[in-house]
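If you want the building blocks of each chain, they are given just below.
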Amino acid sequence: RYEAGSFPLYEALRNGTPVVCSSTTSLPGVMGHPEFVFDPDDRPRLRDLLQRLLDDASFLAENRAHVARRAAMLDTWAQDCARGLLALAETFKCRT
């Protein structure tokens, strides 16, 4: 309910772990696919998603493929942000 920064979700995505996540805070934006998101008060939806990961091979494959694509996209985004911050830092470097 109170996740901040989405680091555990990002870590799971980077490790290729099948993921479903809560619809709170920034998690849905990081996950990037509403089919794998649940309202934390909707226990039947969570149960169904977890059961599908266990029992439905095509759902699991779709989830894994999405996780891989999302991790690659987030890595690219993080690298772009880092390059931008380094360029900005270079712009404001003190000159003597």
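Note that the structure is predicted; figures quoted are calculated from it, not measured. (Residues numbered from 1 in each chain as written. Predicted model: local features only at pLDDT ≥ 70, side-chain atom pairs only at ≥ 80, totals over all residues. Heavy atoms only, no water.)

> Teacher, can you tell me more about the overall build of the protein here?
Scanning the protein from N- to C-terminus turns up 4 helices and 2 strands. Traced from its N-terminal end to its C-terminal end, the protein shows the element sequence α-β-α-β-α-α. Here the protein, with 96 residues, has 25% of them falling under the buried criterion. In the protein, 43% of the contacts between residues at least 6 apart in sequence involve partners at least 24 apart. For the protein, the computed accessible surface area is about 6600 Å², with 59% contributed by carbon and sulfur atoms. (Helix = DSSP H or I, 4+ residues; strand = E, 2+ residues; numbered from the N terminus. Buried < 20%, exposed > 50% of the residue type's maximum accessible area, 1.4 Å probe, protein only. Contact = heavy atoms within 4.5 Å. Areas by Shrake-Rupley, 256 points an atom, 1.4 Å probe, with all protein chains shown as cover.)

> What is the right way to read helix α3 (residues 43-55) from this model?
Since one α-helical turn is 3.6 residues long, residues separated by three or four positions face the same way. Along its 13 residues, α3 runs 18 Å from first to last C-alpha, staying within 8% of the 18 Å computed at 1.5 Å per residue. The N-cap of α3, judged by a side-chain oxygen 3.1 Å from the amide nitrogen of arginine 45 a few residues on, is aspartate 42. (Expected span 1.5 Å × (residues − 1). Polar contact = N/O pair within 3.5 Å; in protein donor to acceptor, adjacent residues only side chain to side chain.)

> How do you make sense of the environment of phenylalanine 38 when you look at a structure like this?
With respect to the secondary-structure elements, phenylalanine 38 resides in strand β2 (residues 37-38). For phenylalanine 38, a relative accessible area of 11% puts it in the buried group. Between the alpha carbons of phenylalanine 38 and serine 23 there is a distance of 5.5 Å; along the sequence they are 15 residues apart. With near-sequence residues (within four places) excluded, phenylalanine 38 lies in contact with Val20, Cys21, Ser22, Ser23, Arg45, Leu46 and Leu49.

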